[in-house]
Amino acid sequence: MKRFDKGYIYSSLLSDLFGIFVIASIFLKNFFSDKSVETEDILHIIPFFVIVFVVVCLCFITYRIMYYKTSGYELTDTGIKCNRGVFFRKRSILEYSKIHAINKKQSIFHRIFGIAVLTVDSGSTNTSHQAEITIIEKNKTVDLLLQELNVLKEGGVQNGIDSGEELLLSDKDNLYNFTSGRKMLYTVINIVSTVFFTALFALLSIIVIGICKLMIQHDFLGTWGEYFLYTFLIAVAAMLLFSFFTFIGCMIHSFVGYHKFAVTKRGSDIVISYGLLERHTNTFSYDRIKAVKISQSLVQRMLGFATVKLEVIGYTHNTDDDNQNVDLGVLVPFCKYDEVGEILAKVLPDYVPDIKQTKSVSYFPFVSWFLLVLGIVISVVLILTVTILSLFNVAASVIFAVSVAIIATGIVVFIVKAMSAALSYQNNGIAVSDDKITAYYGGFVKNVTVFNSQNLIAVEDVTTPLRKKKGIASLVMHLKTNALSNEVKVHIQKDEISEELECQLIL
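1. Side note on the sheet that holds strand β16 (residues 329–336)
Then, in step 1: In space, the six strands of this open sheet follow the order β16-β13-β12-β19-β18-β17, with antiparallel pairing throughout. A single partner strand is all that each edge strand has here, and the edge strands are β16 and β17 (429–432). Neighbour-to-neighbour, the strand axes of this sheet turn through a mean angle of 15°, independent of strand direction.
Then, in step 2: Where β17 meets strand β18 (residues 436–441), four bridges bridge the pair, whose relative direction is antiparallel. Paired with A431 across the strands is T438, a residue of β18.
Then, in step 3: Along the sheet, helix α8 (residues 340–347) makes contact with β12 (289–296), β13 (305–312) and β16, crossing β16 at roughly 140°.

What follows is the structure in structure tokens.
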């Protein structure tokens, strides 16, 4: 069995050392910034700090060396074997015919030593939290292994590498080009919602601040008015600061996370590559795609843009040792909504969404239960608050102001819910064809999920006695997946639609 490349030890230790220095720097900064710390205290703490630093480094070095010596892989005639782990040894054997997801990751520390991490997964439910096979090799070796495994899983001969036919969705053919302009627009649209709610909150805060000042001038609330004023000033500052960092974070994610984003269709495989500091190359079989999900935030819908994601069994974010499963992989980060059908027709022709055939038949069920629960919660909170304030002999003006604030909060929450319900009423619907189901759902975020009928494993009606009399229900469709969330919900539809879906289930 071949061991992993030695570059694993060096890259991991470099990453560990970087983390230790960051933690140590934070500790030392707090220690030295303390004015009560004297020079003698610093001299006493230095030897202790050096000993701890050396011990921690030795522990990391020992662990990385032991992992290297106990880990390795082997390609046999029928499958791939892999051993890894130190305290908990893992031995995995995966047949070539069961491979469906092959993912490559190369972090900035990996690039320094010219290595990459290759993970291979079968999509088994028992291993949904991690990939079954992990290989750490030289970057060129990983590329060759990736190509060879793609051939072997299709029943090819070992070492018979054939790249096959490729369809590139990148700058070369202009089918999908995630340019700097699109990235900037993508960033702006992502934060517009945050900015909008921040501006709305700031406007309301200005009104409240004005009222507080008026109350303070007339000595209506006394010190309570001052506390109220200071609280809102702090909240406004926090929201503005949050908006600023959101903008910076979205920009970094757009330009760094999606650096050189490209999609390749190679035979029956889909390959997605992206990233600057950490380069990912994810390969998975066409037949393992569970669904295509088209998402539009409220701002994206107003401007006519969308994001397209794939829900794939075994699609993972890989790390050196273990891998957390994710069920959504980005196919198109940002494009015009009108372009979605064209892109899917060339890459995933079986997942082009159909036009919505049904729609929600009533608006009230979207808010009825929420209104009931909200009314009970607001009533209980109001009664308890008034009772407690009365027991403490709080002034009537304060009790009145607090009561109005609670009621106003409930009204604002209900207005937001009513807006979301109105959008849900407009969005929800379904389209059923011979071999494909298209579900429309969502409120502020509109979602369109397309999946093949063969991936439908159960259909569930959710209704109440009153709704049952009116012949309406919410539909819950369960799909084949190893993820925790395997449901697609379409609300307030005619209940006979479930019978049509059951026919798809039987087929």
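2. Notes on the sheet that holds strand β3 (residues 79–84)
Then, in step 1: On the basis of which strands lie adjacent, the open sheet formed by four strands has the order β1-β2-β3-β4 and antiparallel pairing. Among the strands making up the open sheet, the edge pair consists of β1 (2–3) and β4 (90–95).
Then, in step 2: Relative to strand β2 (residues 72–75), helix α4 (residues 139–153) is tilted by about 40°, and along the sheet it contacts β2 and β3.

3. Some words on the nonpolar core
Then, in step 1: Of all hydrophobic cores here, the largest spans 35 residues; its most connected members are I270, L310 and L348.
Then, in step 2: At the level of elements, α5 (180–217), β10 (269–274), β12, β13, β16, α8 and β19 (446–452) are the ones that each hand at least two residues to this core.
Then, in step 3: Discounting chain neighbours no more than four positions away, the residues touching I270 are V263, T264, K265, N282, T283, F284, Y286, I289, V347 and L348.
Then, in step 4: Counting residues in each nonpolar core, the second largest holds 27 residues, with I102, V117, L118 and V142 among its members.

4. Considerations on the pairing of strand β5 (residues 101–106)
Then, in step 1: Taking burial as the measure, the six residues of β5 include six buried ones, the bulk of the element.
Then, in step 2: Bridging between β5 and strand β6 (residues 115–121) involves five bridges; their strand directions are antiparallel. Bridging across to β6, K105 finds its partner in V117.

5. Some details on a nonpolar patch on the surface
Then, in step 1: Taken together, the side chains of W369, L372, V373, I376, V377, V380, V381, L384, I388, L391 and F392 present a nonpolar region at the surface, about 1100 Å² in accessible area.
Then, in step 2: Locating V381 in the fold gives a position in helix α9 (residues 365–391).
Then, in step 3: A relative accessible area of 36% places V381 in the partly exposed class.

6. With respect to the pattern of salt bridges
Then, in step 1: Taken as a whole and assessed by the stated rule, the structure comprises eight salt bridges.
Then, in step 2: The salt bridge partner of E137 is K2, with a shortest N-O separation of 3.0 Å. Within this pair, whereas E137 is found in strand β7 (residues 133–138), its partner K2 is found in strand β1, the two being separated by 135 residues in sequence.
Then, in step 3: Its relative accessible area of 3% is what places E137 among the buried residues.
Then, in step 4: One salt bridge in this structure joins K105 and E278, with 3.8 Å as the shortest N-O distance. Taken together, the positions of K105 in strand β5 and E278 in the loop between β10 and β11 (279–285) put the pair 173 residues apart, joining distant regions of the chain.
Then, in step 5: Overall, E278 belongs to the partly exposed group, its relative accessible area being 34%.

7. Remarks on unusual backbone geometry
Then, in step 1: Unlike most non-glycine residues, K260 shows phi in positive territory, near 50°.
Then, in step 2: Structurally, K260 can be placed in the loop between α6 (223–257) and β9 (262–266).
Then, in step 3: Of note in this structure, I492 is not a glycine but carries a positive phi near 55°.
Then, in step 4: Mapped onto the elements of the fold, I492 is located in strand β22 (residues 487–494).

8. Thoughts on α8
Then, in step 1: Of all the positions in α8, only V340, I343, L344 and V347 are classed as buried. An end-on view of α8 places all buried positions within 95° of arc, on one side of the element.

9. Overview of the packing of aromatic side chains
Note on aromatic pairs: each is described by the distance of the centres and the angle between the planes.
Then, in step 1: Under the definition given, this model contains 18 aromatic pairs.
Then, in step 2: Judged by centre distance (6.4 Å) and plane angle (40°), the ring pair of F4 and Y67 falls under tilted. Taken together, the residues span a long stretch of sequence, with F4 in the loop between β1 and α1 (7–32) and Y67 in helix α2 (residues 39–70) at a distance of 63 residues. Just as F4 is buried, Y67 falls in that class too.
Then, in step 3: Three or more aromatic residues joined by ring pairs form one cluster here, namely F4, Y8, Y63, Y67, Y73 and F87.
Then, in step 4: The side chain of K356 reaches across the aromatic face of Y440, ending 5.6 Å from its centre.
Then, in step 5: When the ring centre of F370 is taken as reference, the NZ or CZ atom of K417 above it lies at 5.5 Å.

10. Overview of a negative patch on the surface
Then, in step 1: A surface patch of like charges, here negative, comprises E460, D461, E496, E499 and E502.
Then, in step 2: Listed by contribution, the elements that provide at least two residues to the negative patch are β20 (456–462) and α12 (496–506).
Then, in step 3: In terms of residue count, α12 provides more of the negative patch than any other element does, three residues in total.

11. A closer look at the confidence of the model for the chain
Then, in step 1: For the chain, the mean per-residue pLDDT works out to 79, and 79% of the residues sit at or above 70.
Then, in step 2: In the model of the chain, strand β15 (residues 323–325) stands out as the element of lowest mean pLDDT, 40, in contrast to β18, which has the highest, 94.
Then, in step 3: Residue range residues 160–164 is modelled with pLDDT below 50. Its contacts to residues more than four positions away, or to other chains, number seven contacts.

12. Looking at the state of the cysteines
Then, in step 1: Scanning the entire structure with this criterion turns up zero disulfides.
Then, in step 2: C59 carries a free sulfur, and the closest cysteine sulfur to it, the one in C57, is 9.2 Å from it.

13. What about the side chain of K436?
Then, in step 1: Secondary-structure assignment places K436 in strand β18.
Then, in step 2: One polar contact links the side chain of K436 to the main-chain carbonyl oxygen of V352, over a distance of 2.6 Å.
Then, in step 3: Residues in contact with K436, not counting those within four places in the same chain, are D350, Y351, V352, D354, A431, V450, F451, N452 and S453.

Definitions and cut-offs
- Residues numbered from 1 in each chain as written.
- Predicted model: local features only at pLDDT ≥ 70, side-chain atom pairs only at ≥ 80, totals over all residues.
- Heavy atoms only, no water.
- Pairing = 2+ DSSP bridges.
- Helix = DSSP H or I, 4+ residues; strand = E, 2+ residues; numbered from the N terminus.
- Axes fitted to C-alpha atoms, helices over the stretch in contact; angles between N-to-C directions.
- Contact = heavy atoms within 4.5 Å.
- Core = buried A, V, L, I, M, F, W, Y, C linked by side-chain atoms within 4.5 Å.
- Buried < 20%, exposed > 50% of the residue type's maximum accessible area, 1.4 Å probe, protein only.
- Patch = residues over 30% accessible without salt bridge, like charges linked within 9 Å, V, L, I, M, F, W, Y side chains within 5 Å.
- Areas by Shrake-Rupley, 256 points an atom, 1.4 Å probe, with all protein chains shown as cover.
- Salt bridge = Lys/Arg side-chain N within 4 Å of Asp/Glu carboxyl O.
- Arc of directions from axis to C-beta.
- Phe/Tyr/Trp six-rings, centres within 6.5 Å; stacked < 30°, edge-to-face > 60°.
- Lys NZ or Arg CZ within 6 Å of the ring centre and 35° of its normal.
- Lys, Arg positive; Asp, Glu negative; His and termini not counted.
- Charge placed at Lys NZ, Arg CZ, Asp CG, Glu CD.
- pLDDT = per-residue confidence, 0-100.
- Disulfide = S-S within 2.5 Å.
- Polar contact = N/O pair within 3.5 Å; in protein donor to acceptor, adjacent residues only side chain to side chain.

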